[in-house]
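Listed below, chain by chain, are the residues.
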Amino acid sequence: MSNSSVYPTPINAFKQSKRSVLSVIVDNEPGILARIVGLFSGRGYNIEALNVTVVDVENNLSRITIETLGEERVINQIIAQLEKLVPVHSATNLANLKESYEAEICLVKIEFDNDDQDHKILNFADIYRTRTVQKRQHLVVYEISGTSERINKFLDDLTTISGIKVELVRSGPIGLGI
Amino acid sequence: MTSGPGVTNVVTGLTDALMDSIPVVCISGQVPSHLIGTDAFQECDTTGITRPCTKHNYLVKDVNKLSETIHEAFEIARSGRPGPVLIDVPKDVQFAKAKYKSKSEVIFKPHRIKSGSSEIDGQFIEKLVEHIQKSKKPVFYVGGGCLNSGPQASNELMKLVQKTNIPVTTTLHGLGCYPGEDPKSLAMLGMHGTYEANLAMNECDLMINVGARFDDRVTGRLDAFSPNSIKFHFDIDQSSINKNVKVDYHTNTDITLSLKAINEHIESRGVNFDQSQYDQWWNQIEEWRGKNSLLYEQGDEVIKPQHAISRLYELTNQKDTFITTEVGQHQMWAAQYYKFSKPNRWITSGGLGTMGFGMPAAIGAQMANPEALVIDIAGEASFLMNIQEIATAVQYKLPIKIFILNNEYMGMVRQWQELLHGSRYSESYVDALPDFKNLAESFNAVGVRAKNLSELDDAINEMISVDRPVIADIWVDKKENCFPMIPSGAAHNEMLLSKYDKEKPENQEKGKVLV
């Protein structure tokens, strides 16, 4: 479709897309996650990663961290829409804060056959200061945390070792403004 | 309503209310708590189904929380940008007992109610007044938010308009915010708005949006929408700001408060507006007005639908009349030819465009205003979508009037098929309509009919004078199209004026994919 459409042209929207991490404080009540997920799918926004946990038992509050893609206008619209939901206390784009920190945790199971592979794995594990969760013959489980980029880098490096089998789980980023 | 099918049927009504910012509290029955999740008889996931079409919803599992929940539901429905709220109550909770908590005993959490800001944005107001003084071609673009803010908002708007001499155009839902007969009114804008309203929007240098949301039916093609204007936006809903159109200044404060503050600012500062500063602008507007975009040619025999509405207006405007509509050509003609002098007299389905809306809306309006004259301006196809409700009107002795512009077509569908799909008509003609006069009588309502021009006024007068529900079957020109029209995807200055206008949409093929 050309630019004369009444609808926004997707090509332009993706061009200026950038990754944003949103931090949302909500009342911990039934259906709240469905409301948020429904808002994203219903309005055509993306969820790249999502993390929900109760953070304040006394006041019954959960913090939801959402990683999403979109140009600035879209991100602002997402925040305005989130803040309209009744159980939502606040929605913040961490990028708009002066100071904020992000972290993600990842568990990696690596199966290997020989000592050469083992050495290479150990080398990367050392560089990235991973924590060893389990180690036996031909199998190791590491825990690595940090920013998503750091974890991506580690996983990229692992792919340079041929013949190993990697299985993993990631929490998605969590973030906190200071 | 009842659980299961009752709930699935109400989804349309809830979505309609959500789109048009109408406060509604809907209480639905649910199967007993212990049966939830077992695929019980008439069970459905009510909160799941209605989540995207309500402002908020609840499943009440503990009777002790019921009164608190209901109070909160009413607060949420009315506050900020109003909307529908649903409360799902399982059968065992309906039968259980608990101590009633009155509203004053409930402590509302402010983050859940989300009323708009009550703080006046002083900078916004100063900037606005400054820009009004500077501008040469300003226009007010007023929407349903102005009505939702209360009738006082219309009074404040009127004051401001009289002081500043700025023209006013309203959206479909804003009709009545500003008197339609007033010379400063440019009437409705948008897809079927007047030539002068749309051209004023296109060429203005200052746009003051009061409670409207830049809907696609109003803006037309976005990249050609009012390219040279400074835009001010009053909207209580933060998410309406910069959603479709980027604005220069905005406020989320309630419109009544903001407009009042502007009027006070003007008075206290002794701001004077040079009444002649817009002379050139008004001359231009009068020139556009001179095109007479709502002109139609009424012959001697066949009733033109526009004429039927004009006559209805002339014969009812001395009474306190409420107009509801269905959706389609008749709705647009009603918006164009029925002039509203005060707010809250016009009830129509705008955002969702729900055929079948008008009669239940008329029933509600008549219930709330037993002495008023309530007329549903309908098309025969829309009317048939909720025909069973005529029984409700008869049973509760509600003397609503159904004024059917009967052209035997789904007229708006036919019009689009003609203009944008090369006259390939499909499923828009109804060859098996009931006899509406007999139909009325079979329900114990009254039926009247006008087959040609000479019978029109008598039919309208009879309809008004009977104190019972009436179905008036007005036979109108079958092939009449609704003009002016901005084809979907076109800009404000690319409008089609009437069928005598030889211009066709520039790019028919492209038009077909638009709605």
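Here the structure is a predicted model, which is why all the values come from computation and not from measurement. (Residues numbered from 1 in each chain as written. Chains lettered and ligands numbered in written order. Predicted model: local features only at pLDDT ≥ 70, side-chain atom pairs only at ≥ 80, totals over all residues.)

1. Thoughts on the overall build of chain A
The criterion, for reference: Helix and strand assignments follow DSSP, with helices taken as H or I runs no shorter than four residues and strands as E runs no shorter than two, numbered in order from the N terminus. With C-alpha atoms as the basis for the radius of gyration, the globule rule is written as 2.2 Å multiplied by the number of residues raised to the power 0.38. Residues are called buried when their C-beta atom has 20 or more other C-beta atoms within 10 Å, exposed when it has 12 or fewer, and partly exposed otherwise; all C-beta atoms are positioned from the backbone. A residue pair is marked as a contact if its C-beta atoms, positioned from the backbone, fall within 7 Å.
Scanning chain A from terminus to terminus reveals 5 helices and 9 strands. In sequence order, the secondary structure elements of chain A are arranged as α-β-α-β-β-α-β-β-α-β-β-α-β-β. Taken over C-alpha atoms, the radius of gyration comes to 20 Å for chain A, far larger than the 16 Å a tight globule of 178 residues would show. The dimensions of chain A, computed from C-alpha atoms along their principal axes, are 60 × 50 × 30 Å. Residues counted as buried form 24% of the 178 residues belonging to chain A. Looking at chain A alone, contacts between residues at least 24 apart form 72% of all its contacts between residues at least 6 apart.

2. Brief notes about the overall build of chain B
Within chain B one finds 21 helices and 15 strands. Computed over the C-alpha atoms, the radius of gyration of chain B is 24 Å, within 12% of the 24 Å expected from 2.2 N^0.38 for a compact globule of 515 residues. Overall, chain B is about 70 × 60 × 45 Å in size when its C-alpha atoms are taken along their principal axes. Looking at the 515 residues of chain B, the share that counts as buried comes to 49%. Restricting to contacts in chain B with at least 6 residues of sequence separation, those with at least 24 account for 74%.

3. Here's the deal with the sheet that holds strand E12 (residues 373–379) of chain B
Residue and element names in this part refer to chain B. The test is simple: By this definition, two strands are paired if DSSP reports at least two bridges between them. Inter-axis angles, ranging from 0 to 180 degrees, are taken between N-to-C directions of lines fitted to C-alpha atoms, where helices are fitted over the stretch in contact.
Strand order in the open sheet made by the 6 strands is E11-E10-E12-E13-E15-E14, with parallel pairing throughout. Edge positions in the open sheet fall to strand E11 (346–347) and strand E14 (446–450), since each of these has one partner strand only. Relative to E12, strand E10 (residues 321–325) runs parallel, the two being bridged by 5 bridges. By the bridge assignment for E12, threonine 324 is matched with aspartate 376. Along the sheet, helix H14 (residues 329–337) contacts E10, E12 and strand E13 (401–406); its crossing angle with E12, the most-contacted strand, is approximately 135°.

4. Some thoughts on the packing of helix H13 (residues 305–316) of chain B against helix H20 (residues 453–465) of chain B
Residue and element names in this part refer to chain B. Threshold: Working rule for angles: under 35 degrees goes down as roughly parallel, over 145 as roughly antiparallel, 65 to 115 as roughly perpendicular, anything else as oblique. Note: crossing handedness is left-handed where the near helix turns anticlockwise from the far helix by less than a right angle, and right-handed where it turns clockwise.
H20 packs onto H13 with a crossing angle of 45° between their chain directions and a minimal axis gap of 10 Å. Classed by the angle they form, the pair H13 and H20 counts as oblique. In the crossing of H13 with H20, the sense of the turn from one axis to the other is right-handed. Judged by residue contacts, Ala308, Arg311, Leu312, Leu315 and Thr316 of H13 engage Leu456, Asp457, Ile460, Asn461 and Ile464 from H20.

5. As for the environment of valine 10 of chain B
Residue and element names in this part refer to chain B. Note on placement: valine 10 falls in helix H1 (residues 5–19). It is 8.9 Å that separates the C-alpha atoms of valine 10 and threonine 50, two residues lying 40 residues apart in sequence. Not counting residues up to four positions away in its chain, the partners in contact with valine 10 are Met1 and Cys26.

6. Topic: the domain arrangement of chain A
All names here are of chain A. As a reminder, the rule being used: How far each domain reaches was decided by an automatic or database domain assignment. Charged means Asp, Glu, Lys or Arg here, nonpolar means Ala, Val, Leu, Ile, Met, Phe, Trp, Tyr, Cys or Pro, and polar covers whatever is left, Gly included.
On domain assignment, one finds that chain A holds domain 1 (10–96) and domain 2 (101–177). The gap between the C-alpha centroids of domain 1 and domain 2 is 28 Å. Taken together, the contacts link 9 residues of domain 1 with 7 residues of domain 2. At the level of elements, strand E1 (18–27), strand E2 (49–56) and strand E3 (61–70) are the ones that each hand at least two residues to the side of domain 1 that touches domain 2. Here the side of domain 1 that touches domain 2 takes 3 residues from E2, the largest share from any one element. Residues of the side of domain 1 that touches domain 2, tallied by class, amount to 4 nonpolar, 4 polar and 1 charged.

7. Here's the deal with the interface of chain A and chain B
Between chain A and chain B, the residue contacts involve 18 residues of the former and 20 residues of the latter. Put simply, the parts of the chain that give the side of chain A that touches chain B at least two residues each are helix H2 (32–42) and helix H3 (72–84) of chain A. Looking at which element gives the most residues to the side of chain A that touches chain B, the answer is H3 of chain A, with 7 residues. Considered class by class, the residues forming the side of chain A that touches chain B number 4 nonpolar, 10 polar and 4 charged.

8. Remarks on the sheet that holds strand E5 (residues 168–170) of chain B
Residues and elements named next belong to chain B. Taken together, 6 strands build an open sheet; the order of strands is E6-E5-E4-E7-E8-E9 and the sheet is parallel. The open sheet is flanked by strand E6 (185–188) and strand E9 (249–251), the only strands paired with a single partner. Taken over all neighbouring pairs, the strand axes of this sheet differ in orientation by 15° on average, direction set aside. Here strand E7 (residues 206–210) pairs with strand E8 (residues 230–234) via 5 bridges, running parallel.

9. A look at the packing of H13 of chain B against H14 of chain B
All names here are of chain B. At a closest axis distance of 9 Å, the pairing of H13 and H14 adopts a crossing angle of 50°. Regarding the angle of H13 to H14, the classification is oblique. The handedness of the crossing between H13 and H14 comes out as right-handed. Contacts between H13 and H14 involve Pro305, Gln306, Ile309, Ser310 and Tyr313 from the former and Gln329, His330, Trp333, Ala334 and Tyr337 from the latter. Partitioning the contact of H13 with H14 into residue classes produces 6 nonpolar, 4 polar and no charged.

10. Let's talk about the domain arrangement of chain B
Reports of interface size often rely on the accessible area that becomes lost once the parts have come together. All names here are of chain B. Its domain assignment divides chain B into domain 1 (5–106), domain 2 (122–289) and domain 3 (305–475). Taking only C-alpha atoms, the centre of domain 1 and the centre of domain 3 are 32 Å apart. With 5 residues of domain 1 at the interface, the matching set in domain 3 holds 6 residues. Class assignment of the residues belonging to the side of domain 1 that touches domain 3 gives a composition of 1 nonpolar, 2 polar and 2 charged.

11. Describing the environment of valine 271 of chain B
Residues and elements named next belong to chain B. Tracing the backbone through its elements, the reader meets valine 271 in the loop between helix H11 (255–268) and helix H12 (279–289). The spacing of valine 271 and cysteine 146 is 125 residues in sequence and 24 Å in space, taken between C-alpha atoms. Not counting residues within four places of it along the chain, the set of residues in contact with valine 271 comprises Val129 and Ile266.

12. Observations regarding H13 of chain B
All names here are of chain B. Applicable threshold: Each helix should span, by expectation, one fewer than its residue count multiplied by 1.5 Å.
Between its first and last C-alpha, H13 extends 17 Å over 12 residues, near the 16 Å set by a 1.5 Å rise per residue. Among the residues making up H13, those that are buried are Pro305, Gln306, His307, Ala308, Ile309, Arg311, Leu312 and Thr316. Looking at the buried residues of H13, the elements they touch are E10, H14, E12, E13, H20 and strand E15 (470–475).

13. Quick word on the confidence of the model for chain B
Residue and element names in this part refer to chain B. Here is the rule: Predictor confidence is given residue by residue as pLDDT, running from a minimum of 0 to a maximum of 100.
Residues with a pLDDT of 70 or more make up 97% of chain B, whose mean pLDDT is 94. Note that residues 502–508 has pLDDT below 50 and, in this model, 7 contacts with residues that lie over four places away or in other chains. The ipTM assigned to the predicted complex is 0.90, against a pTM of 0.92.

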